[in-house]
Amino acid sequence: MNETLSGLLTIGVLVVMLAVAHVPLGNYMARVYTTERHLRPERWLYRLAGADPAKEQNWKVYAASVGAFSLFSIVLLFLIIVAQGILPFHNGETMHIDTAVNTAISFVTNTNWQSYAGEAGTSISVQAVGLTVQNFASAAVGIAVVIALIRAFARHETSLIGNFWVDLVRTVTRILLPIAVIVAVLLVVAGVVQNLAAPMAVTGVTGGAQSIPGGLVASQEAIKELGTNGGGFFNANSAHPFENPNALTNLFEIFLLLVIPFSLPRTYGVMVGDKRQGWSILGFMAILWGAAVALVTWAEVAASSGVAGSMEGRETRFGIWASSLFAASTTSTSTGAVNSLHDSYSGAGGAVLLLNMMLGEISPGGTGSGLYGALVVAIIAVFIAGLMVGRTPEFLGKTIGRYEITLSALYTLVTPALVLVLGGLAISLPVAKAGLLNSGPHGLTEMIYAFTSAANNNGSAFAGLTADQPYLNLTLALAMLLGRFVPMLLILALAGRLVAQKKRPATAGTMPTHTPLFVSLLVGVALIVTGLTYFPTLALGPIAEALS
Amino acid sequence: MSTATTTNSTTRSTAPKKAAGMSAASLVAALPQALVKLDPRHVFRSPVIFVVWVGSLLTTVLAIISPSTFSVGIAIWLWITVVFANMAEAVAEGRGKAQAATLRAARTETVARRLVGDGPDEEAVPGSELRLGDRVVVEAGQIIPGDGDIVEGVATVDESAITGESAPVIRESGGDRCAVTGGTTVLSDRIVVKITTKPGETFIDRMIALVEGASRQKTPNEIALNILLATLTIIFLLVVIALQPMAAYSGGTQKVVVLIALLVCLIPTTIGALLSAIGIAGMDRLVQRNVLAMSGRAVEAAGDVSTLLLDKTGTITLGNRRATEFVPVGGATAADLADAAYLSSLADETPEGRSVVELADANYDTGSGDRTVAGLQRDGATFIEFSAQTRMSGVDLASGELVRKGAGSQVAAWVVEHGGTEPADLKAEVDRVASSGGTPLVVAKQQTGSPATVLGVIHLKDVVKPGMTERFTQLRTMGIRTVMITGDNPLTAAAIAKEAGVDDFLAEATPEDKMALIRKEQEGGRLVAMTGDGTNDAPALAQADVGVAMNTGTSAAKEAGNMVDLDSDPTKLIEIVAIGKQLLITRGALTTFSIANDVAKYFAIIPAMFTGLFPGLGTLNIMRLSTPNSAVLSAVIFNALVIVVLIPLALRGVRYRPASAASMLRRNLLIYGLGGVISPFIGIKIIDLVVSLIPGMK
């Protein structure tokens, strides 16, 4: 079977799997967040946290809960990392203080940027009780926030948008944990490592001695993809044969990182009582994702067909098609796991990967964050184009007025501001530039990629940039922190405004938001706003490289 | 409520409607005003234009420090951009100025004859010193000193100063026609007016402020749009600021002039420049239709309206019932019936009576040439007027022939009294007419010496104004529900509602019912518009999102509504909605156009900045612009010129046809979205062809 055919088959099977899974999973998630019933273990957790699950919160209390929980998580994870020397299962792994700060923020913000080498920087304990726990928690926080926003659209004339603790706990106990357990077992069956054994000493083919660590890989791998986290157990991440041994696990891992973000539009459609609304958001996400997959694959196949036709930075067991599919999916879901070296991609291919993140992680984006990002695009689109039908713009019966547009506009402003300011600063400071492997446009791309990845909470690295140094560790941590929580705060404030509004009934005079026309409008707005923001940067980086 | 107020609604003679377009002359006339508006305090009100203003200042300084054709060219065109933006606003404001001048003339200082206490004694005080509750005497030839209600007397008043209508109107104490406006002139009689508005806040004062745009507040939607534009401006500011270190890293530090040019091209100057002009022009379009909106917010709300409450009489129907059909019964012929109906109605001067005569004249030979009221009376005929007791009218001819017309039961009784019998089919026909919403009038005749006979039924009905059904259909496609308000019984109301094609009706409506209906609609999230003129309409007018008070109405009504229709034409509500929608559409269309324009500007400026550094980026120069300097300047010039080109559109408003939101969106996205992407590619290319001829642009 030639590579094109197998590549197309892989994509085809993936699309079918997603198409089959998203409706039941989306419906199930909608039920999870609307039912009144609490499970017994959940009650124990609420009692432990001192939360009253029956009491719903307004947006301020909800946001404060998100903030308190996340701050607690950052501090706890930081302490676990710093104390890893005295915790069990320690094999000499170490981390600088600034790297520890970066790592703690990185995992709590669902970014999973790793400026350390996975197996050399963190012990098995840290990975298991620190990182894996955050893989669950950070993904759940993202989903909780979008559920609060969805409730704001679904409800009217109230101030209550749900209870954060209930949303958080249920996401973990009823969605992430059960799926992750099944997935981990399947991954073990498929060949992923799961042990607590000491590193294995082997002699390589050239006679050199090598120490190969094992660990609780499969369990972490499951949530790494499912929660769009992306922090690898090993430095080589999903390119490592212990994490991603074969084509089957590769396809399965891509499916996992896409499945929740692509199912949430269904949840949204069900919860707002109009499934067509879910379809249009899903269509918008799918078009952008499909285009990215097609463009990256096309660019990479074209780049590899010449004399220099290269498999540089790719695993032979995946090949160009499956690597491109993984790369396009991981950058468009804010996952950031990699099964190939993005630095080795062609100018055009690299540009698309970068653009995927610059879109704001909405195609389909991270767990929760992808959908709320897409809904903000919808609000902006409704506001600009909605005026053209001759009415004050409204979305799902909620008027997009002064406060709604202020919050949405600020949301749109946050990540570009972080990328442009911090990226622009880094590229002009010798202390940061010293970390660059390449010069010229490729070097610029490496630097911008790092800040884009951090600010959009993707976490994938272009490689080439040696980021494990205090300046970059701390500024990237800042980008991750602000890039995660400022938008969340704005989303919750937006939810607070929307939920208090009356719901205006849809008439023939209301701009329809479920039509193909609206989907293309969304695509247009997302591309134009992103394009206008990043065109000069892209021109000096990957575009200059591609056109040279 | 009374809506028979269309007396002065049809023609306007004195104030000619201004042409909707704009001439080059009006642009030139606006130039001085545009230059005055260069004052930073004024420019600061629009964040986008303020950025351009700062950019112009910076480039001017830079052009002075190191002059070159390019930097001077950029500096000049940036200033021109600001001037053009100011000009748009100045032109829009200029249109209201003429109207304001006319109004000012009416606001001359008057001497009021104030009554002292309750007594008949008068004292002369300046009109500007009147207080609320003062009572003043105005006689023929005098100007009414302030807004108020007539408490005594009746007079004809010339209101042309505010309505432009030269025919005088009658104003009388009590009832719904008691309101008078300061600045209008009493033509006959003597009235006593109780002042209801403080001097300086009178209707004319408010009108002047409105048409001049002096009291213009930014509307909610305008504020929201401004916030979005400001955010875009900040993003582009960051883009341009971050570009310099990246360019420096790449080895090609950019000139500050070029960066400023890029910034100005990217920020949404087009919509930023035209935004206030669009708002002013929207108000102006209402003024041209003789409607005064008390706030821009009201105009916007008009676009959002989803329920229209329309009074039946005068709005949906012609206002009076008309005879539409003669239905013969009991073997009589239609011609006999028409003839008798004609005779019985000849002396009936009510609109219904006249309509019977007209219908008979139009369809049957009534011999109207020689059978007139006066002629028949001369021959000895006696006309019997309608009375509440008999509930019949008719005529006793000289030949002894008796003709009667009236309510079914009365006429039937009269026939029996005069030896006749009630035909078997009469009741069925009477019921048929009644159930169709009409009013049946039965006609009977008695020839000399023979028993009386019933000839048939006249079908009187409310006639729906021509074209109303189509308008309701249009409204429905726009997603607007129409509710007919009437005092009729539910049966009649249902029939007319069906005929007119309204979506719903409120029969036997009291002011409380109306209020309840508005509340119910609003609770369902709908915006409601209505018209009204009576004092009992005031609460509903205030509750409605758009309340249009008729100018002939009471001051309470005018105070409660947020718009006043000087023509007092309730049908105009539909036009008002269209104007509100057009205002919002224009804003959205130009915003979309403005943002879409940026794509081409990037393709002009980015290759110009960096092709020297990375020759490969020359591929992006898809317009094949001649030189980097020419490319940048051409983009800046296009950016400025597009403002002027779009001023007429901003003032006139985007073409608007009632259609569903989906089809409007499709059309406008195509024109202003796609058009906005494509047109600057062409425009910049053409400008470049000219600019590249300038020496020193290499």
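We now turn to the structure provided with this report. Note that the structure is predicted; figures quoted are calculated from it, not measured.

Describing the overall build of chain A
Next, step 1: A count of helical and extended segments in chain A gives 18 helices and four strands.
Next, step 2: Taken against the 2.2 N^0.38 rule, which gives 24 Å for 548 residues, the C-alpha radius of gyration of chain A at 22 Å falls within 12% of a compact globule.
Next, step 3: For the C-alpha atoms alone, the extent of chain A along its principal axes is close to 75 × 55 × 50 Å.
Next, step 4: Here chain A holds 548 residues, and the buried ones make up 62% of them.
Next, step 5: Counting only contacts in chain A whose residues sit at least 6 apart along the sequence, the fraction spanning at least 24 positions is 79%.
Next, step 6: Of the roughly 18,300 Å² that chain A leaves accessible, carbon and sulfur atoms contribute 69%.

Focus: the interface of chain B and chain A
Next, step 1: The interface of chain B with chain A comprises 61 residues on the first partner and 57 residues on the second.
Next, step 2: Summed over both partners, the interface of chain B with chain A buries about 5,000 Å², with 78% contributed by carbon and sulfur atoms.
Next, step 3: Across the chain B-chain A interface, the total number found is zero salt bridges.
Next, step 4: Counting across the chain B and chain A interface gives 13 residue pairs in polar contact (both at pLDDT 80 or more).
Next, step 5: If you list the elements that add at least two residues to the side of chain B that touches chain A, you get α7 (220–249), α10 (296–304), α16 (468–477), α18 (511–523), α21 (572–610) and α23 (661–691) of chain B.
Next, step 6: The dominant element in the side of chain B that touches chain A, judged by the number of residues it contributes, is α7(B), at 18 residues.
Next, step 7: Looking at side-chain class alone, the side of chain B that touches chain A contains 36 nonpolar, 17 polar and eight charged residues.

Points about the packing of helix α13 (residues 369–386) of chain A against helix α18 (residues 516–546) of chain A
All names here are of chain A.
Next, step 1: Between α13 and α18, whose axes approach to 9 Å, the crossing angle comes to 105°. If you check the angle between α13 and α18, you find them roughly perpendicular. Taking contact as the criterion, the partners of V377, A378, I380, A381, V382 and A385 in α13 are, on α18, F518, L521, L522, V525 and A526.
Next, step 2: In terms of residue class, the contact of α13 with α18 is made up of 11 nonpolar, no polar and no charged.

Some thoughts on the sheet that holds strand β2 (residues 122–126) of chain B
Residues and elements named next belong to chain B.
Next, step 1: One open sheet accounts for six strands, arranged β2-β1-β3-β9-β4-β7; its pairing is antiparallel. The sheet is open, and its two borders are formed by β2 and β7 (179–180), each paired with just one other strand.
Next, step 2: Both strand β4 (residues 148–152) and strand β9 (residues 190–195) contribute to a ladder of four bridges, which runs antiparallel. Bridging across to β9, G148 finds its partner in I195.

Some details on the pattern of salt bridges
All names here are of chain B.
Next, step 1: All told, the structure shown has 42 salt bridges over all chains when counted by the stated rule.
Next, step 2: Here D504 makes a salt bridge to R481, at a shortest N to O gap of 3.9 Å. Remark: R481 occurs in strand β18 (residues 481–485) and D504 occurs in strand β19 (residues 504–506); sequence separation between them is 23 residues.
Next, step 3: Classification of D504 by relative accessible area gives partly exposed; the value is 31%.

Conventions and cut-offs
Residues numbered from 1 in each chain as written. Chains lettered and ligands numbered in written order. Predicted model: local features only at pLDDT ≥ 70, side-chain atom pairs only at ≥ 80, totals over all residues. Heavy atoms only, no water. Helix = DSSP H or I, 4+ residues; strand = E, 2+ residues; numbered from the N terminus. Rg over C-alpha atoms; globule rule 2.2 N^0.38 Å. Buried < 20%, exposed > 50% of the residue type's maximum accessible area, 1.4 Å probe, protein only. Contact = heavy atoms within 4.5 Å. Areas by Shrake-Rupley, 256 points an atom, 1.4 Å probe, with all protein chains shown as cover. Buried area = accessible area lost by both parts, 1.4 Å probe. Salt bridge = Lys/Arg side-chain N within 4 Å of Asp/Glu carboxyl O. Polar contact = N/O pair within 3.5 Å; in protein donor to acceptor, adjacent residues only side chain to side chain. Nonpolar A, V, L, I, M, F, W, Y, C, P; charged D, E, K, R; others polar. Axes fitted to C-alpha atoms, helices over the stretch in contact; angles between N-to-C directions. Parallel < 35°, antiparallel > 145°, perpendicular 65-115°, else oblique. Pairing = 2+ DSSP bridges.

Keep in mind these values describe shape, not function.
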